[in-house]
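Spelled out, the chains give:
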Amino acid sequence: MNRLPLLYLDVDGPLNPFAAKPTRRPEGYTTHRMKPEGWIAQHPFTPPHRVKPLRVWLDPRHGTVLRELSDRYELVWATTWGSEANTYIGPVLGLPLLPVVDWPTGREVLPDGTFWKTRHLVAHAEGRPFAWVDDELGESDRAFVAAHHAGPALLHHVDARVGLRDIDFAVLDAFARAL
Ligand SMILES: [Mg+2]
C-alpha cells in the first residue's frame with residue numbers, strides 16, 4: 001500500500017497559467033489547442049465540431065519536476081479536467097497515467113466560503129497527509145481542512161497569472177521531507 005503523501009494537482013492555474021496576459025505566452029510554456037469533452041460540454045448550443053479549441057499553456061519542465069517529486073508524493077489529478085487530464089495534459093508533460101479525483105455534482109462555494117473541491121479532497125484523502133496546489137483555494141479552505149482532516153496538509157495557492165514556479169516546488173518538497 002502506497003503511504004506516500006498525496007499531491008493533488010489542479011490544472012488550470014498551476015499548470016496552465018490561463019490568466020497570464022493573453023497576448024504574451026509565459027516564458028518556458030508551449031501553446032496547445034485542446035478540445036476535451038469538459039470544454040465541449042461548456043458550449044451546449046454549439047455543435048461539437050464548431051466549438052473553438054481551448055488554448056492551454058503548458059511547461060514541459062513542470063513534468064520533469066513532478067516526476068522527481070513522485071519519489072516523495074503520490075500524484076493525483078484534482079481538476080475539472082477529470083480523467084481527461086490523463087489524456088491531454090499528462091502526455092505533454094511526460095507524466096504517466098495518474099489517479100483522478102472524481103467530483104460529485106455541485107460546484108458552488110459553500111456558505112462558509114470554502115471552495116467546492118475542498119470537502120471532496122478531505123474525503124478522498126481519508127486522513128492521509130496531502131499537499132494541494134490550486135489557484136482557487138484560500139484561508140477558509142485551510143480552516144476547513146484543519147477542522148476536518150486528521151493528518152498534515154499543505155494547501156498551497158498558485159497565482160493563475162503565473163503558474164507553478166521553482167519556489168512552489170521547493171515548498172512542496174520541503175513539506176514532504178518534513179513529514
Ligand atoms: Mg484552477
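Every value quoted in this text rests on a predicted model; they were computed, and no experiment measured them.

**A word on the sheet that holds strand β1 (residues 6-9)**
Taken together, four strands build an open sheet; the order of strands is β4-β1-β5-β6 and the sheet is parallel. In the strand order of this sheet, the two ends are held by β4 (74-77) and β6 (153-157), each with one partner. Taking the axes of each pair of neighbouring strands and ignoring which way they run, one obtains an average angle of 20 degrees across the sheet. Of the pairings in the sheet, the one linking β1 to strand β5 (residues 130-134) comprises four bridges and is parallel in character. Across the sheet, the residue bridging to Tyr-8 is Trp-132, located in β5. On the sheet, helix α4 (residues 116-125) packs against β1, β4 and β5 and is oriented at approximately 155 degrees with respect to β5.

**Here we look at the pattern of salt bridges**
Should the charged atoms of two oppositely charged side chains come close, the side chains can pair. Taken as a whole, this structure holds nine salt bridges when the rule is applied. Note that Glu-74 is salt-bridged to Arg-128, the shortest N-O span being 2.6 Å. Separated by 54 residues along the polypeptide, Glu-74 in strand β4 and Arg-128 in the loop between α4 and β5 bring together distant segments of the chain. Taken together, the shared-partner salt bridges in this structure form one network comprising Asp-10, Lys-117 and Asp-134.

**Remarks on unusual backbone geometry**
Despite not being glycine, Glu-126 shows a phi value in the positive range, around 50 degrees. Locating Glu-126 in the fold gives a position in the loop between α4 and β5.

**Focus: the packing of aromatic side chains**
Pairs of aromatic rings are described using the distance from one ring centre to the other and the angle between the two planes. Applying the stated criterion across every chain yields a total of five aromatic pairs. Judged by centre distance (6.2 Å) and plane angle (5 degrees), the ring pair of Phe-115 and Trp-132 falls under stacked. In this pair, Phe-115 sits in the loop between α3 (84-93) and α4 while Trp-132 sits in strand β5, placing the two residues 17 residues apart along the sequence. The class of Phe-115 is buried, set by a relative accessible area of 5%. When its relative accessible area of 0% is taken as the criterion, Trp-132 is described as buried.

Definitions and cut-offs
- Residues numbered from 1 in each chain as written.
- Predicted model: local features only at pLDDT ≥ 70, side-chain atom pairs only at ≥ 80, totals over all residues.
- Heavy atoms only, no water.
- Pairing = 2+ DSSP bridges.
- Helix = DSSP H or I, 4+ residues; strand = E, 2+ residues; numbered from the N terminus.
- Axes fitted to C-alpha atoms, helices over the stretch in contact; angles between N-to-C directions.
- Contact = heavy atoms within 4.5 Å.
- Salt bridge = Lys/Arg side-chain N within 4 Å of Asp/Glu carboxyl O.
- Phe/Tyr/Trp six-rings, centres within 6.5 Å; stacked < 30°, edge-to-face > 60°.
- Buried < 20%, exposed > 50% of the residue type's maximum accessible area, 1.4 Å probe, protein only.

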